[in-house]
Amino acid sequence: MNKTAFITGATSGIGRATASIFAQNNIRLILCGRRKDRLEELQITLGKLTEVTTLSFDVSNRKEVENAIKSIPENFKQIDILINNAGNAHGLSSIQNGDINDWEAMLDINVKGLLYVSKAIIPQMIERNNGFIVNIGSIAGKEVYANGNVYCASKHAVNALNKSMRLDLNNYNIRVSAIHPGAVETEFSEVRFKGDTKKAAAVYDGYDPLIAKDIADIIYFVISRPSHVNIEDLVVYPTAQASASVIRKNKE
Ligand code: NDP
Ligand code: 8X3
């Protein structure tokens, strides 16, 4: 596929798995994240399969986003596919006990970060009358669960922005899709529980959670449909999960 994709949050989990399947399908890659060592490693490994460039920046820092996108090398400047994936949950606390720094991180990264990146990339898609934006939401954007409050609010915002983008960009032949995963075993829970690996592992104990490749395969399916097909919204659970708080675990 002779296309260029810009993937945020490519250093881990769903973003990294998406980069890998895109590389296998010959999609040129602009890979983003804050961790430079991981970006360098991806440049080496995926660079064997396709053309790769990397950008290290914090999506929640507006100036960093603008400067990074301005610095894209000439041969990568035409972005056909934007994967808005960077994001995390920070903390799991009741509304009365939540840490305001965690709230700010989730709103700044998951919502404002997605907006900053989209704002910088959409104009060239409009100019070319072509483009594809995939927003990674969550089941937390479709329902709320106890102690999920601000993370759920941030993903409800992603759900709303996805629908808004579809309406506002409809005149410009830009496809917009959202994928809303349930539990995927990535570094997500380690970030949520601030490096507590025991607590993080317990989230995925006793059942088969999704893995990052499951979501990456779906993202590739969505972006590889013929140009008249736009899958708008996909909710994807592990078989054992019925809702955010209902998971069938093996009894021992
Ligand atoms: P990971 O923690 O494994 O990956 C998160 C990615 O986001 C990393 O590459 C990280 O890169 C990047 N990122 C985080 N904060 C920033 C920032 N401020 N600036 C730039 N990049 C950032 O989690 P997942 O792969 O699971 O998460 C990917 C997306 O999927 C998120 O939007 C998440 O909300 C969503 N999701 C995850 C689910 C799950 O159960 N895992 C379920 C539903 C949705 P770096 O640290 O290098 O900057
Ligand atoms: C991640 C899934 O259920 O932890 O978005 O919110 S959940």
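This report concerns the structure included in the present document.

**Focus on the site of ligand 2**
Here is step 1: Neighbouring residues of ligand 2: S138, I139, A140, Y145, Y151, F188 and R192.
Here is step 2: Here Y145 contributes a side-chain N or O atom positioned 2.6 Å from an oxygen atom of ligand 2.
Here is step 3: One nitrogen or oxygen atom from the side chain of Y151 is found 2.6 Å from an oxygen atom belonging to ligand 2.
Here is step 4: About the coverage of ligand 2: the protein hides 83% of its 240 Å² of free accessible area.
Here is step 5: Here ligand 2 is seated within the largest pocket.
Here is step 6: Broken down by class, the residue content of the shell around ligand 2 amounts to 5 nonpolar, 1 polar and 1 charged.

**Examining the site of ligand 1**
Here is step 1: As a matter of local geometry, ligand 1 sits amid 29 residues, with T11, S12, R34, Y151 and T186 nearest to it.
Here is step 2: In the model, an oxygen atom of ligand 1 is placed 2.7 Å from a nitrogen or oxygen of the Y151 side chain.
Here is step 3: Here ligand 1, which alone exposes 880 Å², has 97% of that area covered by the protein.
Here is step 4: Comparing atom positions with the cavity grids shows ligand 1 to sit within the largest pocket.
Here is step 5: Of all the secondary-structure elements, those providing two or more residues to the shell around ligand 1 are α1 (13–24) and α5 (149–168).

**Topic: α1**
For an α-helix the count is 3.6 residues per turn, leaving residues at separations of three or four pointing the same way.
Here is step 1: The end-to-end C-alpha separation of α1 is 17 Å, in line with the 16 Å expected for 12 residues at 1.5 Å each.
Here is step 2: Extensive coverage of α1 is indicated by the burial of 9 of its 12 residues.
Here is step 3: Of the positions making up α1, those classed as buried are G13, I14, G15, A17, T18, A19, I21, F22 and A23.
Here is step 4: N26 occupies a position one or two residues after α1 and carries a positive phi of about 65 degrees.

**Quick word on empty space enclosed by the protein**
Here is step 1: Evaluated as defined, the whole model comprises 2 cavities of 30 Å³ or more.
Here is step 2: There is about 80 Å³ of room inside the largest cavity.
Here is step 3: What lines the largest cavity is a set of 16 residues, among which H90, G91, S93, M106 and N149 lie closest to the centre.
Here is step 4: Residue assignment for the lining of the largest cavity shows that the elements contributing at least two residues are α4 (100–128) and α5.

Thresholds, definitions, all that
The numbering scheme is per chain: residues are counted from 1 as the chain's sequence reads. Whichever chain is written first is A, and whichever ligand is written first is 1; the rest continue in order. For this predicted model, a pLDDT threshold of at least 70 governs which residues receive local features, and a threshold of 80 or more governs which side-chain atom pairs are given and counted, while totals over whole chains, interfaces and linings are taken from all residues. The basis for every side-chain value is the complete set of heavy atoms in the structure, and neither hydrogens nor water enter the calculation. Definition of nearness: a residue and a molecule or strand are near each other if at least one heavy atom of the residue lies within 4 Å of the molecule or strand. Polar contacts, as used here, are pairs of N or O atoms within 3.5 Å; protein pairs need one atom able to donate a hydrogen and one able to accept it. Residues neighboring in sequence count only if both atoms are side-chain atoms. Areas reported here follow the Shrake-Rupley algorithm with a probe of radius 1.4 Å; residue values treat only the protein chains shown as occluding. In the cavity and pocket records, a cavity denotes points on a 1 Å grid over the protein atoms alone where a 1.4 Å probe fits but cannot get out, a pocket denotes an open set with protein on both sides within 12 Å along at least 5 of 7 lines, and lining residues are residues with an atom within 4 Å of a point. More than half of a molecule's atoms within 2 Å of the grid points is what it takes for that molecule to sit in a cavity or pocket. Three categories are distinguished: nonpolar for Ala, Val, Leu, Ile, Met, Phe, Trp, Tyr, Cys and Pro, charged for Asp, Glu, Lys and Arg, and polar for the others, with Gly belonging to the last. Helix numbers and strand numbers start at the N terminus; a helix is a DSSP run of H or I with at least 4 residues, a strand a run of E with at least 2. Helix span is expected to be 1.5 Å times the residue number reduced by one. Relative accessibility decides the category of a residue: with a 1.4 Å probe and only protein chains considered, values under 20% of the type maximum give buried, values over 50% give exposed, and everything between is partly exposed. Grid points are joined across faces, edges and corners, and a volume is the space filled by probe spheres set on the points.

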